[in-house]
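# Residue-level structure breakdown
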Amino acid sequence: MKNAENFTRNEINNKHFIAVIGGSVSGSEAVNLLTDQNFRVVVFDMNELPYGKLEDGLPNWHHNLRDRQTTVINEKLSHKNVYFIPKTKIGRDITFDEIKNDWGFSSVILANGAWKDRDLSINNFNKFIDKGLIYQNALIYWFNHKHENNYKGPKYTMKNNAIVVGGGLASLDVMKIIMIELVQTAIKNKKGVALNMFYIEKKGIDAVLAEFNTNLEALEIEPPVLVYRRNAEDMPLKSPIDDTLENIEKAKVVSKKLLEKYLEKYMFKFIPTSTPIGYLEENDTFKGMVFQKMKSVNGKLIPTAETFELKSELLISSIGSIPEKIENLTYQGDSLKLKDQSEYSVYGYSNVFAIGNAVTGKGNIQESKQHGKQMTEKIISQHLTEDALEDWLMVYNKEITGQVKKNVVSIIEDIKNLKVPSEKVILAMESKIANLQKKVGYKDYESWIKEHTPIRIENME
Ligand SMILES: Cc1cc2nc3c(=O)[nH]c(=O)nc-3n(C[C@H](O)[C@H](O)[C@H](O)COP(=O)(O)OP(=O)(O)OC[C@H]3O[C@@H](n4cnc5c(N)ncnc54)[C@H](O)[C@@H]3O)c2cc1C
């Protein structure tokens, strides 16, 4: 038996097991850095596939981007030092304290993203969930997976006169989903033509109607309305490259221009400076929303005395997501509480770290300078594309992995100083992993991904 002091750094690292909770963009980047130094990593993911927002947040007409980014995740998670445990949610299937105290991990890294829809915070309104009220994460999950044979999720029907409360890039995709669904159904019923979703998405509603020499009235479609609490130019569709007044103004111009392009191409309506404050109901049925007009004073939103009602049978809330709270972790508002002056050390624990914007709340969408710089180049080159969300996401995920890289390099320095687990602990760890993998029917990463990647709609249409 070799003496401990004769072990190489690599051999010592290999005795350390690190838990990573969430195997998507942030988690897989951490895995990559850890396995590069021969650490062993156990990746827990609540879903079958470790693709996070790429699989269930991004509408599937972005499938090329999804596939490019998930291929990278697969490369990182198929490393021989990785133990992937899918369909295992920390906080539900295993408690955080068990992971922290009973397994023998040298360190735990939280990369669980933002999976809880931000609440609309209107008293008692959530009683209408899936009965007139739909939150964004559930809507995109339905839209992305409803074509699958074994689909067991919620079933939705897009209705006329829908209201969408939002304003970010993701809410523009929600508007596209509603219009695509309504037009696809109407063209099928009235013209007998089954148009595929990708065709409508690419071509645009205006062009499809022209092609069929028809219009929304003739198709009896009443378009949805996007209601935003600020003005169009304040929408976070484009971030300024820096905080100079000139570039902030430039960003506002582009945001407004982008929205106009979407309004023109996807033919929905837009109401600015309005916030939902109440709802209308008849016989326990959702009948519409009450809004309050807002005014901006020195950038601060002030409610006015003016209110108005919008009659509707469907409201979709698209106001962003926040991290789901895990028991025995401390939160400050919506974000995980970190140790003072730390970008990643979790409050109340040693060797517990958090990575990825959604968890740390550090660096949200609007602050992505790099994104701002890219978009400006596009403006200058006049190649302003509609797919602002893809532009943003590519830059944003790059920023996330950049931040993760920076944090994990420091985290690794912390781990290196830790006591090496005993052979007994390592053996116990390996059997715990094997039991959990067996429980969910997991054999190896490659065959698991192959067996659990659903049929893709782009391969059906
Ligand atoms: C359409 C869209 C909307 C977006 N909206 C937001 C937003 O509102 N707010 C924001 O900050 N960022 C948002 N983003 C940005 C997004 O967070 C990043 O693009 C990127 O996905 C973050 O990667 P991640 O790995 O940190 O998190 P995710 O991609 O969210 O991955 C987290 C992973 O952790 C797993 N997981 C979660 N909880 C647990 C648990 N308890 N146990 C085990 N596994 C778990 C999930 O299954 C998932 O695989 C959005 C992105 C898109 C495409």
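So, here's what we can say about the structure.

## As for the site of the ligand
Around the ligand sit 31 residues, and of these S26, D45, W115, S321 and N397 come closest. Within the backbone of V25, one N or O atom sits 3.1 Å away from an oxygen atom of the ligand. M46 is positioned such that a nitrogen or oxygen atom in its backbone is 3.0 Å from a nitrogen atom of the ligand. Burial of the ligand by the protein amounts to 95% of the accessible area it has alone, namely 970 Å². In terms of residue count, helix 13 (residues 388-416) provides more of the shell around the ligand than any other element does, five residues in total.

## A short note on the sheet that holds strand 4 (residues 107-110)
Reading across the sheet, the five strands line up as 3-2-1-4-17 and stay open at both edges, with parallel pairing between neighbours. Either end of the sheet is taken by a strand with one partner, and the two such strands are strand 3 (82-85) and strand 17 (352-354). Each strand of the sheet is rotated relative to its neighbour by a mean of 20°, with strand direction disregarded.

## Regarding the packing of helix 7 (residues 169-191) against helix 10 (residues 245-266)
Running from amino to carboxyl end, helix 7 crosses helix 10 at an angle of 5°, the nearest separation of the two axes being 11 Å. Between helix 7 and helix 10, the interaxial angle falls into the category roughly parallel. Between helix 7 and helix 10, the residues in contact are L172, K176 and M179 and L259, Y262 and Y266, respectively. The residue makeup of the contact of helix 7 with helix 10, split by class, is five nonpolar, no polar and one charged.

## Brief notes about helix 10
With 22 residues, helix 10 should reach 32 Å at 1.5 Å per residue; the first-to-last C-alpha distance of 32 Å fits that figure. Looking only at helix 10, the buried set comprises N247, A251, V254, S255, L258, L259, Y262, K265 and Y266. Angular distribution of buried residues about the axis of helix 10 spans 135°; they occupy a single face of the element. Of the residues in helix 10, the exposed ones pointing more than 90 degrees away from the buried face are L245, E246, V253 and E264. One or two residues past the end of helix 10 sits M267, with phi positive at roughly 55°.

Reading guide: rules and limits
Along each chain, residue indices are assigned from 1 in the same order as the chain's sequence is written. Restriction of local features to residues with pLDDT of at least 70 applies here, the model being predicted, together with a cutoff of 80 or more for giving and counting side-chain atom pairs; totals for whole chains, interfaces and linings are based on all residues. Computation of side-chain values: all heavy atoms of the structure, hydrogens and water removed. Here, proximity means that at least one heavy atom of the residue falls within 4 Å of the molecule or strand. We call two N or O atoms a polar contact when they sit within 3.5 Å, provided that within protein one can donate a hydrogen and the other can accept it, with sequence-adjacent residues counted only if both atoms are side-chain atoms. Accessible areas in this description were obtained via Shrake-Rupley with a 1.4 Å probe; residue shielding takes into account the shown protein chains only. A run of DSSP states H or I qualifies as a helix once it reaches four residues; a run of E qualifies as a strand once it reaches two. Both are numbered from the N-terminal end. Should DSSP find at least two bridges between two strands, the strands are taken to pair. Between N-to-C directions, angles span 0 to 180 degrees; the directions come from axes that are lines fitted to C-alpha atoms, helices contributing only their stretch in contact. To sort the angles, those under 35 degrees are grouped as roughly parallel, those over 145 as roughly antiparallel, those from 65 to 115 as roughly perpendicular, and the leftovers as oblique. Any two residues whose heavy atoms approach within 4.5 Å at even a single point are treated as in contact. All amino acids are sorted into three groups, where Ala, Val, Leu, Ile, Met, Phe, Trp, Tyr, Cys and Pro are nonpolar, Asp, Glu, Lys and Arg are charged, and the leftover types, Gly among them, are polar. For a helix, the expected span equals 1.5 Å multiplied by the number of residues minus one. Exposed residues in this analysis have more than 50% of their type's maximum accessible area, buried residues have under 20%, and partly exposed residues fall in between, with area computed by a 1.4 Å probe over protein chains only. This arc corresponds to the set of directions leading from the helix axis out to the C-beta atoms.

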